[in-house]
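Single-letter residue listing:
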Amino acid sequence: MARIDYYAIENAIATILRADATLAGVSVIVEDEVAIQRGNIIGIYLDDRDAPGDLQAIAAGTRTRFNINFSIWCWHFGVGRDRTVVMQQRDDLLGKVEIALMNNRTLSNTVTMSWLNGGEFISGPDPTGNQFMSGAQIRLTVDATASI
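In short, a report on the structure.

Each value, and the rule that gives it
- Residues numbered from 1 in each chain as written.
- Predicted model: local features only at pLDDT ≥ 70, side-chain atom pairs only at ≥ 80, totals over all residues.
- Heavy atoms only, no water.
- Core = buried A, V, L, I, M, F, W, Y, C linked by side-chain atoms within 4.5 Å.
- Buried < 20%, exposed > 50% of the residue type's maximum accessible area, 1.4 Å probe, protein only.
- Helix = DSSP H or I, 4+ residues; strand = E, 2+ residues; numbered from the N terminus.
- Contact = heavy atoms within 4.5 Å.
- Pairing = 2+ DSSP bridges.

### Section: the nonpolar core
Thinking step 1. In terms of nonpolar packing, the biggest core is built from 30 residues, with I13, L17, I42, I72, V97, L101 and L107 touching the most fellow members.
Thinking step 2. Breaking this core down by element, the ones donating at least two residues are helix 1 (6-19), strand 1 (27-30), strand 2 (39-50), strand 3 (63-79), helix 2 (83-102) and strand 6 (131-147).
Thinking step 3. At six residues, strand 6 tops the list of elements feeding residues into this core.
Thinking step 4. Once residues lying within four places of it in the same chain are set aside, the contact partners of L101 are I13, L17, I72, L107, L116, I138 and L140.

### Observations concerning the pairing of strand 5 (residues 121-125)
Thinking step 1. For strand 5 and strand 6, the ladder comprises five bridges, and the chain directions are antiparallel. The residue of strand 6 that forms the bridge with P125 is F132.
Thinking step 2. Taking the residues that link successive antiparallel strands as the turn, the strand 5-strand 6 hairpin has five residues, and the phi of G129 there is positive, at about 80°.

Any link to function would need more than the numbers given here.
This is the structure we're talking about:
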C-alpha cells in the first residue's frame, strides 16, 4: 500500500456492517452526524493514529506501520422513557456489531489486522426530550502499513 486510505477503511467497515444479516434495517453512517430517529443507528468515525517505535522495521525510512483508531457508535433511540428496553436494544446492537467485526479481522483486506479495544457508554433523553437514547462506543484499532 503506497499510502493509507483511511476513508476506504471506514467504508470497508460500513460495507461489512451493511452486509451482515443480523444488522438488516440498521442505518450505518460514515463521518456524519447522527440524526435523531427511532430505532438503531451505527456511526463510524476516524479518531487518531500512532506509529509506535517498537512496530517499525529496519525499512522504517520507506515504510511506516500505524495503529489507527476508529470509534464505532451504536445508538438505539426508543419512544417514551422505558430505559430498560432502550439499553437492552443498545446491548443487542453492540453485540451484533462486535461479532460482525470479529468475523472480518482484515476488514476485507484493507488492513493487516484489527481488534476491539474497549469503548464508552452514554444514555439519557434525546435533545427533544421525546425519546430516550442509549449509545455504546466500540473502539476499533487496525494495523496498517504505508510505504513508498
